[in-house]
Amino acid sequence: MKAYLTRITKGENSAKKWELIYWWILRLCMIGAFFDALFRLHDTQQCLQTAANLVLMFLWEIFMLFPDSKWPHYVPSYIQNFSAFGFFLASFGGAYLNFYYSIPAYDLIMHTVGGVACTIAGYEVIVCMQKRDKTKSNVSIIILGAFGFGFFAGTGWEIFEFVFDQVAPQIGDAQHWSLELAQQAAREHGIGLPNIIPARDPMRYAVIDTMEDTICNTLGGIMGWIILKLRPYHHTGKNNVNNMFD
């Protein structure tokens, strides 16, 4: 335990004090939302979503449990500055504060930005693998792999939503499989439906929701690929990881 705490606070990839404070502010907000959903709102789906996102906000600390023979050991703490805020916006802002309904484009923006973030996260993962293996690699292949990682993450999320709603239809509406439920939530919480593309056939509402999300995930992934092509920040100048292994 002592070695683990040292790795988090004093190790090579250790977190700064302001990062720890920042993370815990977001986590405390999420804990408050969880208990409010549990005891006041009695919303099972909200509780599950908040709890899952809260666990993911500890992902960097979980990674630090891995030995140096595994790539998660090399993940820098700054990654969690962005990932924790993303989970916070999705769960606390989108679901708990109902921004998905009160701001019609909120879900599409989140998926697009998420596509960018997942692609850059894929780039960071591959760089961690380079550091673990102490090997050089072609930058174009790395960036293509990062795009593949981002696409897989976005598509994997849509698969999870479908499976969750199939397994637990009594508490699950992640895919917005019921237009009636979505319209009811819109009336109760905001000004419109989460979807931008209109569902001319109510039976196609869930398909439209999934395809909107997938399209935005992919567009975000392409944007992330372009950003990395223009600025592969771990492979330029003094930050070039390939130069570490001459």
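Residues numbered from 1 in each chain as written. Predicted model: local features only at pLDDT ≥ 70, side-chain atom pairs only at ≥ 80, totals over all residues. Heavy atoms only, no water.

1. Brief notes about the nonpolar core
Point 1. In terms of nonpolar packing, the biggest core is built from ten residues, these being Tyr4, Ile8, Ala15, Trp23, Trp60, Phe63, Met64, Tyr74, Val75 and Cys128.
Point 2. Counting residues per element, the ones that place at least two in this core are helix H1 (2-9) and helix H4 (59-63).
Point 3. Beyond its immediate chain neighbours, meaning those up to four positions away, Ile8 contacts Ser14, Ala15, Trp60, Glu61 and Met64.
Point 4. Membership of the second largest hydrophobic core comes to nine residues, among which are Tyr123, Ile143, Leu228 and Phe245. (Core = buried A, V, L, I, M, F, W, Y, C linked by side-chain atoms within 4.5 Å. Buried < 20%, exposed > 50% of the residue type's maximum accessible area, 1.4 Å probe, protein only. Helix = DSSP H or I, 4+ residues; strand = E, 2+ residues; numbered from the N terminus. Contact = heavy atoms within 4.5 Å.)

2. Focus on helix H7 (residues 106-133)
Point 1. Its 28 residues place the ends of H7 40 Å apart at the C-alpha level, agreeing with the 40 Å of an ideal helix rising 1.5 Å per residue.
Point 2. Two residues or fewer past H7, Lys134 is found with a positive phi of approximately 55 degrees. (Expected span 1.5 Å × (residues − 1).)

3. Here we look at the pattern of salt bridges
Point 1. Scanning the model with the defined rule gives three salt bridges in all.
Point 2. For Asp36, the salt bridge identified is with Arg40, shortest N-O distance 2.6 Å. Separated by four residues within a single helix, Asp36 and Arg40 lie in helix H2 (residues 17-41), roughly one turn from each other.
Point 3. The class for Asp36 is buried, based on a relative accessible area of 15%.
Point 4. Taking relative accessible area as the criterion, Arg40 reaches 55% and is therefore assigned exposed. (Salt bridge = Lys/Arg side-chain N within 4 Å of Asp/Glu carboxyl O.)

Function-wise, these values are silent; they only describe arrangement.
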